[in-house]
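Here are the chains, one letter per residue:
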Amino acid sequence: MNIILLGAPGAGKGTQASKIQAHYNLLHISTGDIFRANIKGGTEIGKLAKSYIDAGKLVPDEVTCDIVKDRLNWDDAKDGYMLDGFPRNVFQATELDKFAEIDLCLNIDVDEALLMDRICGRRVCSCGESYHVSTLNGATTCAKCGKELYRRADDNPETVKTRLDTYKSQTAPLIDYYRAQGKLATVTSGEMSPDEVFGQIKKILDK
Ligand code: AP5
Ligand code: MG
């Protein structure tokens, strides 16, 4: 099964990807995580990506598409995968159709009013886990691996506003793109708790 997780910044793509990976043993590929690993490693891709990510804009399509095309060729992707944060515009979706066979696009629908608080309250771990300050009860380390939690550099109100604008103008049109292909499934419970959202996702995936 090859699936896409679509949704605005803060919709819960990473949170649900972690649950889907644990339950279905499905490989999680996040372009945002790949860029952040490159930034941390000081690579050329990281240097290029940083300026775009810090501004809330999309990293150029050629770079992003090449990374995903290469990643899908690894052996571990042969048994299926979920893409989180890719594609992010119609050009990337059209390119993806040239080198991959997508079964389903899960669109996590969340009221925009909730997104700013969700993102600005997010704390992440280098192991990939993410939390919200409201449920951490003051904890500063990851419940899964014990490492120190930190705030993403692009999780500040100004950058989030641009990320939301970028989502609306460039990514939201993908909802119609995958609906037209008959591959769209909408997760309407996006405002509910992470477990309730996952319950709806399970119903969709188990069908
Ligand atoms: P990326 O890392 O993909 O960020 P994003 O799309 O902005 O999405 P987020 O990771 O912020 O949100 P999420 O939906 O994963 O939410 P999460 O589960 O963490 O991309 C970052 C940047 O990289 C882009 O801006 C761009 O520059 C670049 N980039 C990446 N891919 C690219 C591409 N294809 N092309 C070009 N550039 C690209 O949840 C958020 C918070 O809410 C957390 O605190 C969480 O605990 C909480 N939460 C989650 N679910 C719930 C719930 N149900 N109820 C209450 N709280 C919840
Ligand atoms: Mg994410």
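See above for the structure.
All of these numbers come straight from a predicted model, not from anything done at the bench.

1. Observations concerning helix H9 (residues 173-180)
Phase 1: Where H9 is concerned, the buried positions are Leu-174, Ile-175, Tyr-177 and Tyr-178. Take H9 and look down its axis: the buried residues cluster within an arc of 160 degrees, on one side only.
Phase 2: Looking at the buried positions of H9, the neighbouring elements they touch are strand S1 (2-6), helix H5 (90-99), strand S4 (104-108), helix H8 (157-171) and strand S7 (184-187).
Phase 3: Within two residues after H9, Gly-182 carries a phi angle of roughly 70 degrees, on the positive side.

2. Let's talk about unusual backbone geometry
Phase 1: Cis geometry is found at the peptide bond from Phe-86 to Pro-87, where omega equals 0 degrees.
Phase 2: Mapped onto the elements of the fold, Pro-87 is located in the loop between strand S3 (81-84) and H5.
Phase 3: Notably, Asn-25 is not glycine yet its phi reads approximately 55 degrees, a positive angle.
Phase 4: Structurally, the position occupied by Asn-25 is in the loop between helix H1 (13-24) and strand S2 (27-30).
Phase 5: Given a relative accessible area of 71%, Asn-25 falls into the exposed group.
Phase 6: The backbone of Asn-137 shows a phi angle near 50 degrees, a positive value even though the residue is not glycine.
Phase 7: Secondary-structure assignment places Asn-137 in the loop between helix H7 (133-136) and H8.

3. A few points about the pairing of S7
Phase 1: Here S7 shows a clear split, with Ala-185 and Val-187 buried on one side and none of Leu-184 and Thr-186 buried on the other.
Phase 2: Where S4 lies against S7, four bridges are found, and the strand directions are parallel. Within S7, the position partnered with Leu-106 by the bridge is Ala-185.

4. Re the pairing of S4
Phase 1: Summarising burial for S4: five of the five residues are buried, a large majority.
Phase 2: Burial along S4 is two-sided: the residues Leu-104, Leu-106 and Ile-108 and Cys-105 and Asn-107 are all buried.
Phase 3: As paired strands, S1 and S4 are joined by four bridges and run parallel to one another. If you follow Leu-6 over to S4, its bridge partner there is Asn-107.

5. Section: the packing of aromatic side chains
Phase 1: Here the structure, examined in full by the defined rule, presents one aromatic pair.
Phase 2: Here Tyr-177 and Tyr-178 contribute two aromatic rings whose centre-to-centre distance is 5.0 Å and whose plane-to-plane angle is 75 degrees, an arrangement assigned as edge-to-face. As far as the burial class goes, Tyr-177 and Tyr-178 line up, both buried.

6. Points about the pattern of salt bridges
Phase 1: If you walk through the whole model with that rule in mind, you get 15 salt bridges.
Phase 2: Here Asp-154 makes a salt bridge to Arg-152, at a shortest N to O gap of 3.0 Å. Taken as a pair, Asp-154 and Arg-152 share a single burial class, namely buried.
Phase 3: When the shortest N-O distance is used, the salt bridge between Asp-176 and Arg-179 registers 2.6 Å. Linking Asp-176 with Arg-179, this pair stays in helix H9, spanning three residues, or about one helical turn.
Phase 4: Since its relative accessible area comes to 48%, Arg-179 is described here as partly exposed.

So, how was this worked out
Residues numbered from 1 in each chain as written. Chains lettered and ligands numbered in written order. Predicted model: local features only at pLDDT ≥ 70, side-chain atom pairs only at ≥ 80, totals over all residues. Heavy atoms only, no water. Buried < 20%, exposed > 50% of the residue type's maximum accessible area, 1.4 Å probe, protein only. Helix = DSSP H or I, 4+ residues; strand = E, 2+ residues; numbered from the N terminus. Arc of directions from axis to C-beta. Contact = heavy atoms within 4.5 Å. Pairing = 2+ DSSP bridges. Phe/Tyr/Trp six-rings, centres within 6.5 Å; stacked < 30°, edge-to-face > 60°. Salt bridge = Lys/Arg side-chain N within 4 Å of Asp/Glu carboxyl O.

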